[in-house]
Each structure stands twice: as C-alpha cells, then as structure tokens.
Number of protein chains: 4
Amino acid sequence: MELPDVSESFARVNYSETDQMGVVYHARYLVWLDIARCEHLRRTGISYADLEQLGLRLVVSELTIRYRQPARYDDLVRVRCWVRECVPRRVVFGYAVDCPARGTLLATATTSMLVLGADFSWSRIPPDVVARLPVSADPVRL
Amino acid sequence: MELPDVSESFARVNYSETDQMGVVYHARYLVWLDIARCEHLRRTGISYADLEQLGLRLVVSELTIRYRQPARYDDLVRVRCWVRECVPRRVVFGYAVDCPARGTLLATATTSMLVLGADFSWSRIPPDVVARLPVSADPVRL
Amino acid sequence: MELPDVSESFARVNYSETDQMGVVYHARYLVWLDIARCEHLRRTGISYADLEQLGLRLVVSELTIRYRQPARYDDLVRVRCWVRECVPRRVVFGYAVDCPARGTLLATATTSMLVLGADFSWSRIPPDVVARLPVSADPVRL
Amino acid sequence: MELPDVSESFARVNYSETDQMGVVYHARYLVWLDIARCEHLRRTGISYADLEQLGLRLVVSELTIRYRQPARYDDLVRVRCWVRECVPRRVVFGYAVDCPARGTLLATATTSMLVLGADFSWSRIPPDVVARLPVSADPVRL
C-alpha cells in the first residue's frame, strides 16, 4: 500500500465564502484546511470518523496562516496537506493552498492538533495510525 | 411575571456575514432567527440549554423566509420573534427582521420546530414550558 | 447540446457543518442549494460568474425548505436541482437533497430568485439564457 | 477624548457556532476577532465602514491563534483587543478571548493587517487614524 506523503484535495469557491471585498473571507480557509487533513487521514485507511468511533478526537491547539493572494468566487482551489510532526499525543499538519488555474499560491498554514479522548482528557493515537502518517518535508516554504 | 408575546433581539452585521454582492448572504439570516428564538425561550425562564439538559431538542422541520430588502455591513438588525402555534410536539415561530435605523423591513420568516428526545425520537415539551409560550398574532404581515 | 432538466451536484459533509446535536446545522443546507443552482447554471453554458460579468444578479427573494432526515458528518450528499418556473424577471428552482449511500431523502426546497442589475434595480435574464433553462416537473414531491 | 488601549467586546455563543464535539468550532473564533477589531476601531471614532468609505481596506495577512480551553454553547465570551504595532502600512492586533463567568482563558491570537486600497494596491492609514491607535503592551501572555 502506497502512502503518499503529500495529499491533495480540491474545493470550488462558493458564493457563501466571499465577502464584500469581493474575495474569500479569511476564516473560510480554515474549513478547507479541515477538509484537507480529513482527506489526508482518509487516504491512510483511517478516516476521522473512524478515529471518533475509537473515542479519539484531534483538536486544533495552535494555528498559523499566512494569506498571500486572495481567492475568488468560482476558483477551484487545491489544498496540499502533509504531516510535519507526529507523536502519539500531537500531530502537526502543514498546508499549501493554491489556485492551479491561475498558478497562484494563496496561503500557507500549519495546525498543531492534540489527541484527546471523548471526555477531552489527554489521549494518544494508536501506533498503527502513527505509522501510516509519515512525516514529510515542507513542499513549499511556509 | 410578565411574559411578553413578542421578543426582540439585536445583531450587529459583521464582515463575515457579507458576500461579494456587498450585502448579507441569505443563509446568515437563519442564524439570527436561531438566536432570536433562543432569546425568546430564555425570557420565559427556560433557556434552550435548559431544554437540552432535560434531554429535549427543538429541531427545525420546515422554514420559510421572504427576503425584502438587503441587510448591509454594520447594520444593527432587530429580530422580533413570537410563537404562532404551540402544541406539545411542535412549536411554530414567526420572525420579522428589520433595521430600525433605516426603518426598513428586511425579511419575514417562520420555522416549524419538532420536539425530539436526545435520541431523535418523538417527544413533547413539558406543559409548564408550553404555558410560558403564549401564542401571539403576527405583528407584521408575513 | 443536451440540456439535462435535472442536474446533480455532490457535497461531502465537513466538520464545520455539524452542530452539537451531532448532525448538520440547518442553515448549512442553503449553501448546498446555492452550489447546486450554480452548477445547474454552469451546465447550460452560462455560469453565475458569467451572469455577474453581464451585470446581472440572481437574488433569493423567497425560500422554503423541509428538513426530513438529518445529514451527518462525512455523508456524501447529493443535491438534485431543476427549474420550476422561468420568466425573464424571476427563476424558481426546486431541490431535493439526499444521501444516496443511505437511501435517505434529507430535505426538499424551493428558492424564488429575482433578476437584478448591478445596482439592485429590476432587470431581466437574456432570452438565450432563459431558453437554456427548461422547466422541469418536480422529480420528487416537495 | 479618552482612548482605551485595550477594548472589550462580547459575543454570546450561538448554536451555529458549535460542532459535533459539543464545543465551538475553531474557525468561528476568527469572526469574534474580526468583530473585536472592528469595535476597537469604532471606539477611536473611525469605524471600519468609515475606512472603506475612504477607499481603504485592512486585510489579514497573517494570523496566529492558540486554543486553550473550549468555548461552549450559550457562553458569553469576551474578546479583549489591542494594537501591538501600528505603522502606516500595517497594523498588528492582539486578542485574548475568555469566558468571564467561568474565569477561563479560551484563546489568544494575533492578526497582522495590511493596508490596501480599493483595488488591492498598497496603501497607508491616514496619520490621524494611526494617532488614535496607541500601541499597548500585551495584557496577557500570548
């Protein structure tokens, strides 16, 4: 089973994501990042829904994002996602959001996720899931 | 204890609620309606959080909304809310959204809410809560 | 060129769309309807972005929605969309939202759209666009 | 005219802001930060709407946020906001989000804002606005 180190997911910008500046409102990018890391997990054979079934939660504890160029209505944006660090109690994801049709890097971001149990107590990712989340070098400068 | 038949709640339009038409995106109004009916419940002495503690949920089963004039960034919008019908298994709320500073009616709406248990089975509102939700005539034409 | 009367679009439910009932928050469905009618327009050869370039806007003036079953995190939902009525000043769309994997109808809806100019004055859809929006009978009971 | 260095704004958590973990979805905090910096600006006598009238935009170029404790439905959250750095081309805001009723710090954040013109070209804040945005030391450790 091949485990790609960097996954890709795509989102078409819809009207609800724009604001009156005529570009995508900055908070919407966080949803794309969320979708991207769920797709990244899914490709390892363990979906986020599976983790929740196991009583685990990945909770964002820290997020950084640099906005470089605005995304616009109807853009097809791509989010590349990879794991920068993975230990049983914490996973750090990196992200690069771009618009391939315009050849434009839109944003780069990182999220540090804590692993919690269903009652928000500290927990750990199962070792076999850690094993399926290989750490990648950053494909773009963050 | 006085139970006003029509309650009022207020929301300042924030930037995230606008879209690239330069007005409030139509789906955002539904959040204002939600806030308004929660405030309406709160004034009866039973908050929605209290109902959830009792294992009850009010779930939107049907919603109608007429958009009359656009709301704009930084508008202070008022949502009047009242009960149009209340039986143990269902509550129908009416709403009028306006911008008092501009004297403009922005939207009118209704939501029909089903009363469910924590497991989404049919349930009933306690009679003393029903008693605190007097039915009002529509203060504006819907 | 074949013009299907009923179009289909798909959305994977993401985490931001859920609420603490464990199901999709009711206002999120309106974004799926928006995406669906944009895709419906796109398949006629005229995208909504094209209409905006022509100085036209389709604005929701009335919306009705019936929620039948809850949508859940990670569901792949399908939105079927069709035109119920189309005159130069107004287009009425119908929608059926379901989850094919579970065989469940989740919601049905209609939106009545007014055609406005860039300055929110009354306007009309170009006749050739009207011609590409054939009216369909409702494929499900609304 | 007194210009407070640290402003406060309040938001009641509504149902749309929760997710199926039973807490506020992390992206919603960014809207509270946006509301807080608009209120911070308003208290200086220049609202964000005024800046837009002058053809200026403050655009988020970088955002960092640390989530410390979850916010919950119906919490009344407070956002303290202050200016960490202010030069004509850039303003850096700091934020502390807490729940005073529970005595809990929920999150801390910073946003770096670029000053752009209506056409997204580089621009500058008018000197009299800069003068009304005094820089404050961080009231909490970020």
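Residues numbered from 1 in each chain as written. Chains lettered and ligands numbered in written order. Predicted model: local features only at pLDDT ≥ 70, side-chain atom pairs only at ≥ 80, totals over all residues. Heavy atoms only, no water.

Helix and strand content of chain A: three helices and five strands. Order of helices (α) and strands (β) in chain A, N terminus to C terminus: β-α-α-β-β-β-β-α. In terms of overall dimensions, chain A is globule-like: its C-alpha atoms have a radius of gyration of 15 Å, near the 14 Å expected for 142 residues. C-alpha atoms of chain A, sized along the principal axes, occupy 45 × 30 × 20 Å. Counting across all 142 residues of chain A, residues that qualify as buried make up 57%. Pairs at least 24 residues apart make up 69% of the contacts formed inside chain A by residues separated by at least 6 positions. Taken as a whole, chain A presents about 5,800 Å² of accessible surface, with 51% of it coming from carbon and sulfur. Mean positive and mean negative side-chain charge positions of chain A (18 and 17 charges, respectively) differ by 4 Å. (Helix = DSSP H or I, 4+ residues; strand = E, 2+ residues; numbered from the N terminus. Rg over C-alpha atoms; globule rule 2.2 N^0.38 Å. Buried < 20%, exposed > 50% of the residue type's maximum accessible area, 1.4 Å probe, protein only. Contact = heavy atoms within 4.5 Å. Areas by Shrake-Rupley, 256 points an atom, 1.4 Å probe, with all protein chains shown as cover. Lys, Arg positive; Asp, Glu negative; His and termini not counted. Charge placed at Lys NZ, Arg CZ, Asp CG, Glu CD.)

Inspection of the entire model under this criterion finds 24 aromatic pairs over all chains. Between Y29(A) and Y67(A), the ring centres sit 5.1 Å apart and the planes meet at 85°, which makes this aromatic pair edge-to-face. Taken together, the residues Y29(A) in helix 1 (residues 28-42) and Y67(A) in strand 2 (residues 56-67) connect sequence positions 38 residues apart. Of the residues examined, Y67(A) reaches a relative accessible area of 12% and is grouped as buried. A centroid spacing of 6.2 Å and a plane angle of 85° characterise the contact between Y48(A) and Y73(C), whose relative ring orientation is edge-to-face. Of this pair, Y48(A) sits in helix 2 (residues 48-53) while Y73(C) sits in the loop between strand 2 (56-67) and strand 3 (76-87), each in a different chain. Classification of Y48(A) by relative accessible area gives buried; the value is 6%. Among the aromatic residues, ring-to-ring pairing joins Y15(A), Y73(A) and Y48(C) into one connected group. (Phe/Tyr/Trp six-rings, centres within 6.5 Å; stacked < 30°, edge-to-face > 60°.)

Bringing the interface of chain C and chain D into the picture now. If you look at the interface, chain C gives ten residues, while chain D gives ten residues. Interface area for chain C against chain D, summed over the two sides, is near 1,000 Å², with a carbon-plus-sulfur share of 54%. Three residues stand out in chain C for area buried against chain D, namely Y15(C), S16(C) and Q20(C), and they jointly supply 56% of the buried area on that side. In this assembly, chain C and chain D are joined by zero salt bridges. (Buried area = accessible area lost by both parts, 1.4 Å probe. Salt bridge = Lys/Arg side-chain N within 4 Å of Asp/Glu carboxyl O.)

Taken as a whole and assessed by the stated rule, the structure comprises 36 salt bridges over all chains. For D74(D), the salt bridge identified is with R42(B), shortest N-O distance 2.8 Å. With D74(D) in the loop between strand 2 (56-67) and strand 3 (76-87) and R42(B) in helix 1 (residues 28-42), this pair bridges two chains. For the salt bridge of D128(B) with R132(B), the shortest nitrogen-to-oxygen distance reads 3.7 Å. According to the relative accessible area criterion, D128(B) is partly exposed, its value standing at 40%. Of the residues examined, R132(B) reaches a relative accessible area of 27% and is grouped as partly exposed. Through salt bridges that share partners, E8(A), R78(A), R80(A) and D98(A) make up one connected network.

Right, let's get into empty space enclosed by the protein. For the coordinates displayed, the defined rule picks out five cavities of 30 Å³ or more. If you add up the space inside the largest cavity, you get close to 70 Å³. Lining the largest cavity are D34(A), I35(A), C38(A), E39(A), R42(A), R12(C), V13(C), N14(C), Y15(C), Y73(C) and D74(C). If one sorts the elements of the lining of the largest cavity by residue count, helix 1 of chain A sits on top with five residues. (1 Å grid on protein atoms, 1.4 Å probe; cavity = no way out; pocket = protein on both sides within 12 Å on 5 of 7 lines; lining within 4 Å. Points joined across faces, edges and corners; volume = space filled by probe spheres on them.)

Copy one and copy two of the chain differ by a rotation about an axis and a translation along that axis. Taken as rigid bodies, chain A and chain D are interconverted by a rotation of 180° and an axial shift of 0.0 Å, the fit giving an RMSD of 0.0 Å. On the angle and the small slide along the axis, the relation comes out as a two-fold axis. For chain A, the residue whose C-alpha comes nearest the rotation axis is T64(A), separated from it by 2.2 Å. Most of the interface of chain A is mirrored in chain D: 100% of its interface residues are interface residues there too. (Least-squares fit on C-alpha atoms with pLDDT ≥ 70 in both.)

The topology assignment puts C99(A) in strand 4 (residues 90-99). A C-alpha to C-alpha distance of 26 Å links C99(A) and S47(A), two positions 52 residues apart in sequence.

With that settled, consider the sheet that holds strand 4 (residues 90-99) of chain C. If you walk across this open sheet you meet the ten strands as 1(B)-3(B)-4(B)-5(B)-2(B)-2(C)-5(C)-4(C)-3(C)-1(C), and the pairing is antiparallel. Of all strands in the sheet, those bounded by a partner on one side alone are strand 1 (6-12) of chain B together with strand 1 (6-12) of chain C. Going across the sheet, the axis of each strand differs from the next one's by a mean of 25°, ignoring polarity. Pairing between strand 4 of chain C and strand 5 (residues 104-117) of chain C: ten bridges, direction antiparallel. Directly across from V92(C), in strand 5 of chain C, lies its bridge partner S112(C). Across the sheet, helix 1 (residues 28-42) of chain C lies against strand 2 (56-67) of chain B together with strand 1, strand 2, strand 3, strand 4 and strand 5 of chain C, angled at about 60° from strand 3 of chain C, the strand it touches most. (Pairing = 2+ DSSP bridges. Axes fitted to C-alpha atoms, helices over the stretch in contact; angles between N-to-C directions.)

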